[in-house]
Amino acid sequence: MGNSLKIQIWSDIMCPYCYIGKRRIEGALALFEHKDAVEIEWKSFQLDAGFIASPEDNMVEHLAEKYRKDSDWAQNMLDSMTENAKNSGLDFHFEKSILANSLNAHRLLHLAKKHNLADNLEEILFKAYLTDGKNVNDLNTLKTLGLEAGLNAEAIEEVLNSDAYANEVQQDIEEARSIGVQGVPFFVFDNKYAVSGAQHVETFVKTLEKVWEEGKFDSKVTLLNATDGDSCGIDGCD
């Protein structure tokens, strides 16, 4: 390991718990003595790679149909996630959310990763979708968000008007499957320990300290948390 510690985070912009998980790992890092030696790498994951949105879609109806429940059940689920987010200082507005396929956002994130701006763009995309009600599959919107993150306009257009980084997105997803990822967020600490879900800050702090103290790592990933944290999988959010 030397004097550095790498955290890989698989997430999807469409996943509310991924935003919450981002805040919680940030909270843990703020309490971690060696935070300046930590590198975060964002990895792509799509909860529904084949999703095609329509203008009539809304979050309540989408969840009710997906889980074969009524709209009251779906609204209660969203209210619970909104309250959960508040505890992490986030303000979710599902009533404004525009359902979208996240592939283009992930492709843009890979461009941002190339320029060390992935964390900036990840934050901006989450807020755009979950708080501001923006369409994160609209190319003009993505260009604006990319510029806000610090990306070059010409580079953004080149990516969005092609299939650039589509293979990289798929490679991230296949890598996730190879290590048994079934839901996101999913955190891998220096290729040794994994933590599934938006765990509490204290859990992340303990993991950081454990990994740092051990110092040398095996290549096999071991799942650390005994109980799953809040996460979203291909069958929905828990």
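The structure under discussion appears in the preceding block.
Definitions and cut-offs
Counting of residues starts from 1 at the beginning of each chain's written sequence and follows it residue by residue. At least 70 in pLDDT is required for a residue's local features to be given in this predicted model, at least 80 for side-chain atom pairs to be given and counted, and no such filter applies to totals for whole chains, interfaces and linings, which use all residues. Here the side-chain values reflect all heavy atoms present in the structure, with hydrogen atoms and water set aside. Here, a salt bridge means any side-chain nitrogen of Lys or Arg that lies within 4 Å of a carboxyl oxygen of Asp or Glu. Secondary structure counts use DSSP, requiring at least four H or I residues in a row for a helix and at least two E residues in a row for a strand, with both numbered from the N terminus. Only protein chains enter the area calculation, which uses a 1.4 Å probe; residues under 20% of their type maximum are buried, those over 50% are exposed, and those in between are partly exposed. Note on terminology: a nonpolar core comprises buried Ala, Val, Leu, Ile, Met, Phe, Trp, Tyr and Cys residues joined through side-chain atoms within 4.5 Å. Note on contacts: a residue pair qualifies if any of its non-hydrogen atoms lie within 4.5 Å across the two residues. Here a Phe, Tyr or Trp ring, Trp counted by its six-membered ring, pairs with any other such ring whose centre lies within 6.5 Å, and the pair is stacked when the planes are under 30 degrees apart, edge-to-face when over 60, and tilted otherwise. Take the residue count of a helix, subtract one, and multiply by 1.5 Å to get its expected span. Strand pairing follows a simple DSSP-based rule, namely that at least 2 bridges must link the two strands. Classification remark: right-handed applies to a crossover when, strands pointing away from the viewer, the course from the first strand over the helix to the second runs clockwise.

S.K.: Break down the pattern of salt bridges for me, with residues and values.
M.R.: Throughout the structure, instances matching the rule amount to 14 salt bridges. For Lys6, the salt bridge identified is with Glu41, shortest N-O distance 2.9 Å. Residue Lys6 is located in strand 1 (residues 5-11), and its partner Glu41 is located in strand 2 (residues 38-44); the two are separated by 35 residues in the primary sequence. When its relative accessible area of 15% is taken as the criterion, Glu41 is described as buried. With a closest N to O distance of 2.3 Å, Glu157 and Lys143 form a salt bridge. Linking Glu157 in helix 7 (residues 153-160) with Lys143 in helix 6 (residues 139-149), this pair joins segments that are 14 residues apart in sequence. By relative accessible area, Lys143 is classed as partly exposed at 25%. If you follow the salt bridges from partner to partner, you end up with Lys6, Glu41, Lys43, Lys113, Asp172 and Glu175 in one network.

S.K.: Talk me through the nonpolar core; I want residue IDs and the actual numbers.
M.R.: The biggest cluster of nonpolar side chains holds 56 residues, and the ones touching the most others in it are Ile13, Leu125 and Val136. When contributions to this core are tallied by element, the ones reaching two or more residues are helix 1 (16-30), helix 2 (59-67), helix 3 (71-86), helix 4 (103-114), helix 5 (118-130), helix 6, helix 7 and strand 4 (186-189). It is helix 5 that contributes the most residues to this core, seven residues altogether. Those residues within four positions of Leu125 in sequence are excluded, and the remaining contacts are Ile13, Ala105, Leu109, Val136, Leu142 and Leu145. Judged by nonpolar contacts, the second largest core, of 19 residues, contains Leu5, Phe189, Val195 and Trp212.

S.K.: Can you explain the packing of aromatic side chains? Please cite residues and give values.
M.R.: For the coordinates displayed, the defined rule picks out six aromatic pairs. Both rings, one in Tyr19 and one in Phe126, keep their centres 4.9 Å apart while their planes meet at 15°; by these two values the pair is stacked. Here Tyr19 is found in helix 1, whereas its partner Phe126 is found in helix 5, with 107 residues between them in sequence. A single burial state applies to Tyr19 and to Phe126, both of which are buried. Arranged with centres 6.0 Å apart and planes meeting at 80°, the rings of Phe32 and Trp212 form a pair that is edge-to-face.

S.K.: Summarise helix 8 (residues 166-178); cite the residues concerned and give the values.
M.R.: For helix 8, with 13 residues, the first-to-last C-alpha span of 19 Å sits near the 18 Å given by 1.5 Å per residue. Looking at the buried side of helix 8, the elements it contacts are strand 1, strand 2 and helix 4. Looking one or two places after helix 8, you find Gly180, whose phi comes out positive at around 85°.

S.K.: Give me the pairing of strand 2: which residues, what numbers.
M.R.: Within strand 2, five of the seven residues are buried, leaving the element largely enclosed by the surrounding structure. In this structure, strand 1 lies alongside strand 2, joined through seven bridges in parallel fashion. Bridge assignment links Leu5 to a residue of strand 2, and that residue is Val38. Crossover strand 1 to strand 2 through helix 1 is right-handed.

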